[in-house]
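Reading the structure
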Amino acid sequence: MALIITDECINCDVCEPECPNGAISQGEEIYRINPALCTECVGHYNEPQCVEVCPVDCISLNPDVIESKEQLQTKYQALISAKK
């Protein structure tokens, strides 16, 4: 699954620089996560870094984007290949 930022976000700016895939950006009111770029940090870290640093715990699994760890790994590989 990709992650999603809820409306509890306080725009503290700590999650965006932690995302190794550049999936987090400032939305109109709160930060948002692009599910096409979110791998839950699979391929980079053992745990999603945005979740680790969020002071208000407003980042959770996106129920609309269901992916297995294998699918996240495949997405990570595709993102890395696209950067080359």
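Preceding this section is the structure that the text describes.
The following refers to the structure shown. (Residues numbered from 1 in each chain as written. Predicted model: local features only at pLDDT ≥ 70, side-chain atom pairs only at ≥ 80, totals over all residues. Heavy atoms only, no water.)

1. What about the overall build of the chain?
Looking only at helices and strands, one finds 2 helices and 4 strands in the chain. Going residue by residue from the N terminus, the α and β elements of the chain occur as β-β-β-α-β-α. For 84 residues, the compact-globule formula gives about 12 Å, and the C-alpha radius of gyration of the chain, at 12 Å, lands near that figure. Along the first, second and third principal axes, the C-alpha atoms of the chain reach 35 × 25 × 25 Å. Across the 84 residues of the chain, 37% fall into the buried class. The contacts in the chain between residues at least 6 apart in sequence include a share of 68% that link residues at least 24 apart. Accessible area for the chain stands at about 5,200 Å²; split by element, carbon and sulfur atoms hold 50% of it. The positive charge centre, built from 5 side chains, and the negative charge centre, built from 14, are 13 Å apart in the chain. (Helix = DSSP H or I, 4+ residues; strand = E, 2+ residues; numbered from the N terminus. Rg over C-alpha atoms; globule rule 2.2 N^0.38 Å. Buried < 20%, exposed > 50% of the residue type's maximum accessible area, 1.4 Å probe, protein only. Contact = heavy atoms within 4.5 Å. Areas by Shrake-Rupley, 256 points an atom, 1.4 Å probe, with all protein chains shown as cover. Lys, Arg positive; Asp, Glu negative; His and termini not counted. Charge placed at Lys NZ, Arg CZ, Asp CG, Glu CD.)

2. What about the nonpolar core?
Among the nonpolar cores identified, the biggest contains 16 residues, and Ile 5, Cys 15, Ile 24, Ile 33 and Ile 59 are the most heavily contacted of them. Mapped onto this core, the elements with two or more residues apiece are strand 1 (3-5) and strand 3 (31-33). (Core = buried A, V, L, I, M, F, W, Y, C linked by side-chain atoms within 4.5 Å.)

3. A look at the side chain of Glu 67
Within the secondary structure layout, Glu 67 lies in the loop between strand 4 (59-61) and helix 2 (69-83). Residues in contact with Glu 67, not counting those within four places in the same chain, are Met 1, Ala 2, Cys 38, Leu 72 and Lys 75.

The analysis is restricted to geometry; functional conclusions fall outside its scope.
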